[in-house]
Amino acid sequence: MSTSASGLHVLHDSGVPNGSTDYTTLVILHGYAWHSGIFSKLSPLAPQHNSRLVLVNRRDYPGARPYGEEDRELLSSLSAGTEADAAEIAAATQKINAWMAKRAREVYDLLTELVKNENIPPAAPEKNKGGIIVAGWSFGSAWMTALLAHVASFDVNGVDLGAYVRRVVFLDPAYHTIGFPPPDAPGYHPLFDPEIPPEDRGRAFSNWVSGYYNHGDTFETLQKKTPLQDPPPTLSILTPEEVARTQCLPPGAPGGSDALLLEIGLRLGVFTRLKDDALYLPERDREQDSQRGDAWPNVEVRHVSCECSVWELPVGTWALRKELETAKKNGKQLRPVRMVLIRGANHFVPWDAPELALRALVGDEDEVK
């Protein structure tokens, strides 16, 4: 497929479904160390949902333009963590915020290209048809919070994207990706388990992150360590050929762009800032009670969670729900946010249960099963 002028790469485009004139264009960005090949099972199902599927690889992933020297140098310099005082921390935070604004602009420019070049039907949210739904899976949700946080600052380039984008989706993100702190009680992560030999931790992580868990409703009753044996962890049963078509390790390896961003973002609170600016409407829109298209005040924000995902993900769901409840009680002006739950699914729902994933992304159900 093609590499966009934005630097992002369209890995796959399923095309217009059955000559439809009111189809939905579903644009999906991948997560950490897995590129958008992991969504390939959605493609044959998309026409049944009157949807066109556009799978996008982020910078540094197959087909996309690698980060330039300036972007790489910024990540490398900030990863040293040498800030000595509040002024240096503030300067570093400003730099990484600007770096994420550039990533948001890349997504914005890609969506603009689709509207300009592909005759995308405009959004009809009251009918749940047409327009664009853009989603980020897992770590890719940070690109979605960045898009919402910065969209009001972007030049429109002759296209009113607010007339086309009708939903932005966080697809099963971990708590830290959407800007929430870790729980007070300790959790578990196999990469830091001293009982696992270092050479075995990669495999342990794969089984852990792609496992199925029978969680309770409190942090204490989350199954944090050992996944169920039936069904088995998704990554334990992928063939070598399937792994080769979906995985891309270098960006997530030590020194890789995603690995550096994750560390910097957590240390400097970037993901929290993006979450806040994504959920709450810009101050000037509150003051003017504006419905300016460039701020996307009416675009639905959808958080999709999977019932059986690894413990870091339900913790994020609970934290988001609590924040929304508190904000509404305090009269804060939020974007419209909808919480959707996929029953019986794990973090790799686009691979294991693509029909459920599509229904959660483009459908109109609060609970998918």
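Residues numbered from 1 in each chain as written. Predicted model: local features only at pLDDT ≥ 70, side-chain atom pairs only at ≥ 80, totals over all residues. Heavy atoms only, no water.

1. Digging into the overall build of the protein chain
Convention followed: Helix and strand definitions follow DSSP, with helices as H or I runs of at least four residues and strands as E runs of at least two, each counted in order from the N terminus. Each radius of gyration reported is based on C-alpha atoms, and the globular scaling rule is 2.2 Å times the count of residues to the power 0.38. Partly exposed residues are those whose accessible area sits between 20% and 50% of the maximum for their type, while under 20% is buried and over 50% is exposed, using a 1.4 Å probe and protein chains only. Any two residues having at least one pair of non-hydrogen atoms within 4.5 Å are treated as being in contact. We count Lys and Arg on the positive side and Asp and Glu on the negative side, and we leave His and both chain ends out. Taken as the charge location is NZ of Lys, CZ of Arg, CG of Asp or CD of Glu.
A count of helices and strands for the protein chain gives 11 helices and eight strands. Relative to the compact-globule value of 21 Å for 369 residues, the protein chain shows a C-alpha radius of gyration of 20 Å, a close match. Across its three principal axes, the protein chain shows a C-alpha extent of roughly 55 × 55 × 45 Å. For the protein chain, buried positions account for 55% of its 369 residues. Considering only contacts within the protein chain whose residues lie at least 6 apart along the sequence, 78% involve residues at least 24 apart. In the protein chain, 37 side chains carry a positive charge and 48 a negative one; their mean positions are 3 Å apart.

2. Quick notes on the side chain of Ser51
Defined as follows: We call two N or O atoms a polar contact when they sit within 3.5 Å, provided that within protein one can donate a hydrogen and the other can accept it, with sequence-adjacent residues counted only if both atoms are side-chain atoms.
Locating Ser51 in the fold gives a position in strand S3 (residues 51-57). On the basis of relative accessible area, Ser51 is assigned to the buried category, the value being 1%. Here His49 takes part through its backbone oxygen, which lies 2.9 Å from a polar atom of the side chain of Ser51. Not counting residues up to four positions away in its chain, the partners in contact with Ser51 are Ser14, Pro17, Thr24, Ala46 and Val362.

3. Comments concerning the nonpolar core
The line we're drawing: Here, the term nonpolar core denotes a set of buried Ala, Val, Leu, Ile, Met, Phe, Trp, Tyr and Cys residues that are joined through side-chain atoms within 4.5 Å.
Counting residues in hydrophobic clusters, the biggest one holds 107 residues, and the most contacted among them are Leu111 and Trp296. Tallying contributions element by element places helix H2 (residues 86-118) first for this core, with 11 residues. Excluding residues that lie within four positions of it along the chain, Leu111 makes contacts with Val27, Ile132, Val134, Leu147, Leu161 and Val165.

4. Side note on the packing of aromatic side chains
Put simply, the rule reads: Each Phe, Tyr or Trp ring, with Trp reduced to its six-membered ring, pairs with another whose centre is within 6.5 Å; inter-plane angles below 30 degrees give stacked pairs, above 60 give edge-to-face pairs, and intermediate values give tilted ones.
Under the criterion given, the structure shown has 13 aromatic pairs. Aromatic side chains Phe139 and Trp143 sit 5.8 Å apart centroid to centroid with 70° between the ring planes, which places their arrangement in the edge-to-face category. The pair Phe139 / Trp143 is uniform in exposure class, with both members buried. Arranged with centres 5.9 Å apart and planes meeting at 85°, the rings of Phe219 and Trp311 form a pair that is edge-to-face. Residue Phe219 is located in the loop between helix H4 (201-209) and helix H5 (240-246), and its partner Trp311 is located in the loop between strand S6 (300-306) and helix H9 (312-329); the two are separated by 92 residues in the primary sequence.

5. Observations concerning the sheet that holds strand S7 (residues 337-342)
Just so we agree on the cut-off: Any two strands between which DSSP finds at least two bridges are classified as paired.
The strand order across the open sheet formed by eight strands is S1-S3-S2-S4-S5-S6-S7-S8, and the pairing between neighbours is mixed. In the strand order of this sheet, the two ends are held by strand S1 (9-13) and strand S8 (367-368), each with one partner. Direction of pairing for strand S5 (residues 165-171) relative to S6: parallel, over a ladder of five bridges. Bridging across to S6, Leu171 finds its partner in Val304.

6. Here's the deal with helix H7 (residues 270-279)
Here is the rule: Arc definition: directions from the helix axis to the C-beta atoms.
Among the residues making up H7, those that are buried are Val270, Phe271, Leu274, Lys275, Ala278 and Leu279. Considered in projection along H7, the buried side chains sweep an arc of 150° and stay on one side of the axis.

7. Quick notes on the pattern of salt bridges
Note the threshold: We count a salt bridge whenever a side-chain nitrogen from Lys or Arg sits within 4 Å of a carboxyl oxygen from Asp or Glu.
Summed over the entire model, instances satisfying the criterion amount to 23 salt bridges. For Asp60, the salt bridge identified is with Arg72, shortest N-O distance 2.7 Å. A residue pair is termed long-range when its members are at least 10 positions apart, and Asp60 in the loop between S3 and helix H1 (69-79) and Arg72 in helix H1 qualify at 12 residues. Across the salt bridge formed by Arg338 and Asp366, the nearest N and O atoms sit 2.6 Å from each other. Of this pair, Arg338 sits in strand S7 while Asp366 is found in the loop between helix H11 (354-362) and S8, placing the two residues 28 residues apart along the sequence. Salt bridges linked by common partners bring Arg59, Asp71, Lys102, Arg103 and Glu106 together as one network.

8. Focus: the pairing of S5
Formally: The handedness of a crossover follows from its direction of travel: if, with the strands pointing away from the viewer, the path from the first strand over the helix to the second runs clockwise, the crossover is right-handed.
Of all seven residues in S5, seven are buried; the element is thus mostly enclosed. Here six bridges tie strand S4 (residues 132-137) to S5, and the two strands are oriented parallel to one another. Bridge pairing links Gly136 to Phe170 in S5. In this view, the connection linking S4 to its parallel neighbour S5 by way of helix H3 (residues 141-150) has right-handed handedness.

9. What about the environment of Ile89?
Topologically, Ile89 is positioned in helix H2. Look at Ile89 and you get partly exposed, because its relative accessible area is 39%. Each C-alpha atom, one on Ile89 and one on Cys248, is 32 Å from the other, the two residues being 159 residues apart in sequence. Look past the residues within four positions of Ile89 in its chain and what remains in contact with it is Glu83 and Leu268.

10. Things to note about the packing of H3 against H7
Heads up, the rule is: To obtain each axis, a line is fitted to C-alpha atoms, and for helices this fit is confined to the stretch in contact; angles are then taken between N-to-C directions over 0 to 180 degrees. In this scheme, roughly parallel covers angles under 35 degrees and roughly antiparallel covers those over 145, while 65 to 115 is roughly perpendicular and the rest are oblique. Left-handed describes a crossing whose near helix is turned anticlockwise from the far helix through less than a right angle; right-handed describes the clockwise counterpart. Asp, Glu, Lys and Arg are counted as charged, while Ala, Val, Leu, Ile, Met, Phe, Trp, Tyr, Cys and Pro are counted as nonpolar; the rest, among them Gly, fall into the polar class.
Their axes nearest at 7 Å, the elements H3 and H7 cross at an angle of 50°. Considering the angle they form, H3 stands oblique to H7. Seen from above, H3 lies across H7 with left-handed handedness. Judged by residue contacts, Ala142, Thr145, Ala146, Leu148, Ala149 and His150 of H3 engage Phe271, Leu274, Lys275, Asp277 and Ala278 from H7. For the contact of H3 with H7, the per-class residue count stands at seven nonpolar, two polar and two charged.

11. Description of the confidence of the model for the protein chain
How we decide: For every residue, the pLDDT score states the predictor's confidence, bounded by 0 at the bottom and 100 at the top.
Residue-level pLDDT values for the protein chain average 93, and 97% of them are 70 or greater. Long-range and interchain partners of residues 285-293, a stretch whose pLDDT sits below 50, account for 14 contacts in this model, where long-range means more than four residues apart.

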